[in-house]
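Chain residues, written in single-letter form:
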Amino acid sequence: MNAFPQVELTTMVSRVSENVLRWQFPVPRTHCGIPLGNGMDGILVWGGDKLHLTVNRADFWDHRQGEKVLPGHTYREMVEAYDPDDRTPISNLFIHEEFKHSSQADPQNTYFRTNRLPLGRFELAPAAGRSLSHAELDLATGAVAVFFADGKNPKKTYRVLMTLAIGESLLTLEDPDKCIANVSYLTAWHWIGDALRNFEFAEPEKVAHDGMTGWIQALPADPSLAAVMKKTGSGYLLTLARGKDNASALARAEKTFAACNVDKVKSETAEWWSKYWETCPQVKLPHEFFDAFFRFAHYKFACATNPASSQACALQGPWIEEYRRSMWSGSYTINVNIQQIYTLALHSGKYEHMLPLFDMLDRAIPIFKENARNLFGVDDALLIPHCLNDLGLQCGGISTGSVLDPACGGWMGLLYWQYYRHTGDKKFLRERALPFLRGILRCFEEMMEEHEGRLSIPVGVSAEYGCIFRAAPGKQFQNTGRDPSWLLACAHKLTDALLETAKILEIKPEPSWLDIKQRLPEFTLLDDGDGKRIAIWENQDLEICHRHHSHLSCVYPFDSLAEIDAETNGILSRSFDHWISKGMGQWSEWCMPWAALLEIRRGWTEGAKLLLDTWKEIFVNEGLSAVYIPRFHGFTMHRRPLMDEPKETTEVMQLEGTMAAATALYEMLAYEKQGVIHVFPAVPAMWRDLSFDKFHLPGGFVLSGEIRNRQACGLTVSSKSGGEIRLMLHGDTALCDDTGNRLTPGEVVSLKLPAGGALVLTAEEKLLPVG
């Protein structure tokens, strides 16, 4: 008897055991496919009549035409030019590099800036009498088994097993029953060849010898990439090999094939995944979809951020569709998206997965310093634009939105800070986090001025606000203002981190840090007669439904309000009410989980689940991928014109929605706010029984907990290094242990643990019977 009943998660995907998800063919689109990844290589397994393998590499970049902040304009000149009714005067001050290829030469906006490139797909035709039946992803081992039906015997199936190596570009396909008759391919040129040719790409070189099938794509100013499959006695091998030119790329592919040991690849890959899951948090939720989704999100996170790869994870991870240019250059968009992806590493304790991101940013510090030098005239600041390639160059153009938002770098800096808080690595704090945090805050300091007896930021952005407004005739709607609440909250949180760092490292804090805490407002307020609430910036209310919840960032992600008294609580209540009154008609796949996190932090127990349920219906496709374009009409107008376009050639997958939704599930059960761990803060009333295990917290603490019959019945806190942890239990059941420790709901309690110690707390009273 099967102890695990099959659960239908979507119309295409079912959960057939705790670790196995099944896709039923046909799988009609690229981003419905089963993802395989090792941090560098990305493969999507899908198809109908044929088995398709869409392939790409995370480092497949055209680096031409990346931008920096150029000399010739300064921040103070922008302050002087500011017109509250028109952004044109500031926009006209920016100096833009003259490129060979411009947007005027390409009205379709195809490749005039640095881009992650599409590559193509392999198409595997089944043998006569065989057809694709279903495929199973084993989360425990990272392997995908594709099952073929026998046309003469419907009950009989044959299997092709796929394993993607860790640390090298190699996919093994074991096909002992000869299910695959032949291999062909389609490159990105099939869809966008004219655009590629216009921007000086050479057509792919065909590979068809010695049992190999594939192509080599040369790039105008970057290494070539060979995508090649090779027939073996028991199946196929696939590699994506880079080289300085086509010949060296092909030589690398041949070398990879010659050295391959399939059994070794399988055993080493299975061992890596076993170790990954060993310390990965687990949940048991009374919600069939999110119980499975939580584990799948951690699988996809590992595929996209595997530290065995030196490449940091961008918007789409290693998976770029073959049929179009990458949206938003496939970039590192850091005004929310990349931070949402990597925050999951903190909750899950996968800190080593953050290091490729930090390495990429640290390598780009000379560029960030040059940006700051040209805008502010100083040598000790780091100015990071909002949309980067892997060299740290701006992808999306130099503009107010990309340059006048130091919170982009600020939020990244706070990931450095949180890495230290979770790991306790003082060397990292001293040598990497401290210089980065200092450099980012210097940008804020250079923007500040004296204003009405306080510090003020005279011109700055609130991320993405104003970019979709209709302007008066002959004008461009203003997208900057004085004291954006987004920037104020970030500046305070950065300063808090630096002041705490100074204590830890026993260094003297800068006077400017103390001045910021004393004289910079925590947010900007307005009052329309109904009471004060948080403004976008001075005299700018939230006037429309807006997807970027930046004006509420003092609540999340920055958690910058040390004390919330009755007056501040009233401000927050009115701000949230006004935010909700604007509706969700322009919300996207990444902002709905952010909204859920905001509601969790306000102590609302039901709203987060409702938002996540809605997000699942609108933005999760049949293959469990979070997609940028809403799946159907009737709820949101976000990207409305694209909803009617064929998904086969327009669907866009982005990772941050998946990771942010998983983060929201974490925080429904436990999160940290101003040094206090809130336990069971947003458990919906309908969730009768649940448990979580191995949630990772700042200070190196690990938390596990359980609810039965809607009552907290157990909590375990452990720590390798020991220390003090402050907890607040939510609900109506107290927990205690036999040493006198007691958690009373609604009270903050401090508990001390010795190194390697653990505390086990259980319910004081006998639980009511379930049911």
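Now for a look at the structure at hand. (Residues numbered from 1 in each chain as written. Predicted model: local features only at pLDDT ≥ 70, side-chain atom pairs only at ≥ 80, totals over all residues. Heavy atoms only, no water.)

Observations regarding the sheet that holds strand β29 (residues 701–708)
- Here seven strands make up an open sheet; going across it, the order is β19-β28-β29-β30-β35-β32-β33 and the pairing antiparallel. The open sheet has two edge strands with one neighbour each: β19 (282–284) and β33 (742–743).
- Sheet topology note: the β19/strand β28 (residues 690–696) ladder contains three bridges and is antiparallel. Directly across from V283, in β28, lies its bridge partner F692. (Pairing = 2+ DSSP bridges. Helix = DSSP H or I, 4+ residues; strand = E, 2+ residues; numbered from the N terminus.)

A look at the environment of R295
- Mapping R295 onto the fold places it in helix α6 (residues 288–305).
- Considered as a pair, R295 and Y236 are 59 residues apart in the sequence and their alpha carbons are 29 Å apart.
- In contact with R295, other than residues within four places in its own chain, are E18, N19, L139, W277 and Q282.
- Within the structure, R295 has its side chain in polar contact with the side chain of N19 (distance 2.7 Å).
- A polar side-chain atom of R295 sits 2.8 Å from a polar atom in the side chain of Q282. (Contact = heavy atoms within 4.5 Å. Polar contact = N/O pair within 3.5 Å; in protein donor to acceptor, adjacent residues only side chain to side chain.)

A closer look at the packing of aromatic side chains
- Summed over the entire model, instances satisfying the criterion amount to 38 aromatic pairs.
- Feature note: the residues W23, W272, W273, Y276, W277, F296 and Y299 constitute an aromatic cluster, connected by ring pairs.
- Residue placement shows R64 over the ring face of F201; its charged tip is 5.3 Å from the ring centre.
- The ring of W277 carries the charged tip of R295 above its face, separated from the ring centre by 4.0 Å. (Phe/Tyr/Trp six-rings, centres within 6.5 Å; stacked < 30°, edge-to-face > 60°. Lys NZ or Arg CZ within 6 Å of the ring centre and 35° of its normal.)

So, helix α9 (residues 365–376)
- Between the first and last C-alpha of α9 there are 16 Å, a value that for twelve residues agrees with the 16 Å anticipated at 1.5 Å per step.
- Those residues of α9 that fall on the buried side of the exposure criterion are I367, F368, N371, A372, N374, L375 and F376.
- Buried-residue contacts for α9 involve α1 (75–81), α8 (355–363), β21 (387–388), α10 (400–403) and α12 (426–447). (Expected span 1.5 Å × (residues − 1). Buried < 20%, exposed > 50% of the residue type's maximum accessible area, 1.4 Å probe, protein only.)

Section: unusual backbone geometry
- Here the amide bond leading from F25 into P26 is cis, since omega sits at 5°, within 30 degrees of zero.
- If you trace the backbone, P26 turns up in the loop between β3 (20–24) and β4 (34–37).
- A cis geometry characterises the amide bond from Y556 onward to P557, with omega recorded as 15°.
- Summarising the element assignment, P557 is placed in the loop between β25 (532–534) and α15 (566–581).
- Look at D483: it is not a glycine, yet its phi comes out positive at around 50°.

Observations regarding the side chain of S224
- Inspection of the secondary structure puts S224 in strand β17 (residues 224–231).
- For S224, the side chain forms a polar contact with the side chain of N246, separated by 2.8 Å.
- Beyond its immediate sequence surroundings of up to four residues, S224 is in contact with I216, Q217, A218, L219, A241, R242, G243, K244, D245, N246 and A249.

Brief notes about the environment of Q518
- As for its placement among the helices and strands, Q518 is situated in helix α14 (residues 511–519).
- Residue class for Q518 comes out exposed when judged on its relative accessible area of 65%.

A closer look at helix α13 (residues 485–505)
- Taking 1.5 Å as the rise per residue, α13 with 21 residues should run 30 Å; its terminal C-alpha atoms sit 30 Å apart, in good agreement.
- Of all 21 residues in α13, 17 are buried; the element is thus mostly enclosed.
- Once α13 ends, the next one or two residues include E506, with phi positive near 55°.

Focus on the pattern of salt bridges
- Following the criterion strictly, the structure yields 41 salt bridges and no others.
- Residue R15 pairs with D291 through a salt bridge whose shortest N-O separation is 2.7 Å. Of this pair, R15 sits in strand β2 (residues 13–15) while D291 is found in helix α6, placing the two residues 276 residues apart along the sequence. D291 matches R15 in its accessibility class, with the two residues each being buried. (Salt bridge = Lys/Arg side-chain N within 4 Å of Asp/Glu carboxyl O.)

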